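A structural walkthrough
Okay, here's what each chain looks like letter by letter:
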Amino acid sequence: MAVIFVAGDRPMDKQSILTSSNQIGDSKQCSSRLFEQFVARLGWEVNLNKHDYYAGGLANVSTTAPYYCTATTEILFHVSTRSMGDGDWTKKLRHIGNDEIHIVWCENIVDYRRNIIPTEFCDFLIVIYPLTNFRDDQSPALFRIQIDEKSSLNVESDNYIGGAAPIGPLFDGALVDWSLLAPLVRATALNASRAKKTSVTSKAADAHDFVEHRFEAFENLASKMENGGYQTSYNETIKKLWNIRN
């Protein structure tokens, strides 16, 4: 999943967006404090050099990344303000452009448009707009949600008019409090990802739904452990599984 920062004082084009850093300061290439706090709430930072689990294709091109998992889910977030390689923003574009889900944090006065970072993917777009006074630590912040999804994500259901079940819990136009923002955005993005994998139009010969995809991930992990893919003992591996946040 991609997490994209759009600054309020920079041009809204793909190069300007993808050359922002995660440093907080007055420079136009810096990120914002609140955005970095939001990213920190999406998951926990993992060292990819020591990370034995899902790495989202960043194992050899990045040092750290936000990661989230449960017993049935693994998510590695491609954050636009993080380095993904040797500093070449086009390599960052390659990773982000291949993501099916884009989460955009927009501090610009102009609404974000899907075609700013053109890609044939990005099946589900969640845009977060901080409202007035969002930099005031003493006042609660509200955030407007914009959702743009491709029609191919419609999941057939007999319980909804037209047979298309909405993807939630967030919806287009919702106003969300800061305390609930990250978990609700993550849940909506995860549901959209699962909808993509179960949608009729994605059922190609080599397509799998999210349950099959998760089963394959476990099989690959077991195979890697059996074939000596890890340089740790059984006891150390089990300890890491129970203490994955470290």
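The rules behind each value
Residues numbered from 1 in each chain as written. Predicted model: local features only at pLDDT ≥ 70, side-chain atom pairs only at ≥ 80, totals over all residues. Heavy atoms only, no water. Helix = DSSP H or I, 4+ residues; strand = E, 2+ residues; numbered from the N terminus. Contact = heavy atoms within 4.5 Å. Buried < 20%, exposed > 50% of the residue type's maximum accessible area, 1.4 Å probe, protein only. Pairing = 2+ DSSP bridges. Core = buried A, V, L, I, M, F, W, Y, C linked by side-chain atoms within 4.5 Å. Phe/Tyr/Trp six-rings, centres within 6.5 Å; stacked < 30°, edge-to-face > 60°. 1 Å grid on protein atoms, 1.4 Å probe; cavity = no way out; pocket = protein on both sides within 12 Å on 5 of 7 lines; lining within 4 Å. Points joined across faces, edges and corners; volume = space filled by probe spheres on them. Polar contact = N/O pair within 3.5 Å; in protein donor to acceptor, adjacent residues only side chain to side chain.

With an unreviewed UniProt entry as reference, the protein is termed Rap-GAP domain-containing protein, source organism Romanomermis culicivorax.

Turning our attention to the environment of Leu 184. Tracing the sequence through the fold places Leu 184 in helix H4 (residues 178-198). For the pair Leu 184 and Leu 170, spaced 14 residues apart in the sequence, the C-alpha separation amounts to 6.6 Å. Apart from residues lying up to four places away in sequence, Leu 184 is in contact with Pro 169, Leu 170 and Val 176.

Attention now moves to the pairing of strand E7 (residues 124-130). Judged by how many residues are buried, E7 sits mostly within the fold: seven of seven residues are covered. Across the two faces of E7 the burial is the same, with Phe 124, Ile 126, Ile 128 and Pro 130 and Leu 125, Val 127 and Tyr 129 all buried. Two strands pair when backbone bridges link them, and strand E6 (residues 101-106) and E7 are joined in this way by five bridges, in the parallel orientation. Bridged to Ile 101 within E7 is Phe 124. Judged from the seven bridges that link them, E7 and strand E8 (residues 142-149) form a sheet pairing that is antiparallel. Each bridged residue has a counterpart across the sheet, and for Leu 125 the counterpart in E8 is Asp 148.

Among the nonpolar cores identified, the biggest contains 64 residues, and Phe 38, Trp 105, Tyr 112 and Leu 181 are the most heavily contacted of them. When residues in this core are grouped by element, the largest group, eight residues, is from H4. Beyond its immediate sequence surroundings of up to four residues, Trp 105 is in contact with Ile 4, Phe 5, Val 6, Ser 32, Leu 34, Phe 35, Phe 38, Ile 128, Pro 130, Phe 143, Trp 178 and Leu 181.

Below, the discussion takes up the packing of aromatic side chains. Within the structure shown, the criterion is met by seven aromatic pairs. Ring centres 6.0 Å apart and planes at 65° place the aromatic pair Phe 35 and Trp 105 in the edge-to-face group. Note that Phe 35 is positioned in helix H2 (residues 33-42) and Trp 105 in strand E6, a separation of 70 residues in sequence. For the pair formed by Phe 35 and Trp 105, the shared burial category is buried. Centroid distance Phe 38 to Trp 105: 5.2 Å. Interplanar angle 35°. Geometry classified as tilted. You can see Phe 38 sitting in helix H2 and its partner Trp 105 sitting in strand E6, a full 67 residues away along the chain.

In this section: the pairing of E6. In terms of burial, E6 is a largely internal element, six of the six residues being buried. Across the two faces of E6 the burial is the same, with Ile 101, Ile 103 and Trp 105 and His 102, Val 104 and Cys 106 all buried. Taken together, the five bridges between strand E1 (residues 2-6) and E6 define a ladder with parallel strand orientation. From the neighbouring strand, Val 3 faces E6, where its bridge partner is Ile 103.

Further remarks concern empty space enclosed by the protein. In the structure shown here, the tally under the stated rule is two cavities of 30 Å³ or more. Its volume calculated, the second largest cavity comes out at about 40 Å³. Lining the second largest cavity we find Phe 5, Val 6, Ala 7, Arg 10, Pro 11, Ser 16, Ile 17 and Ser 20. Counting residues per element, the ones that place at least two in the lining of the second largest cavity are E1 and helix H1 (14-18).

Turning to its location among the elements, Glu 107 is positioned in the loop between E6 and E7. Look at Glu 107 and you get buried, because its relative accessible area is 13%. For Glu 107, the side chain forms a polar contact with the side chain of Trp 105, separated by 2.9 Å.

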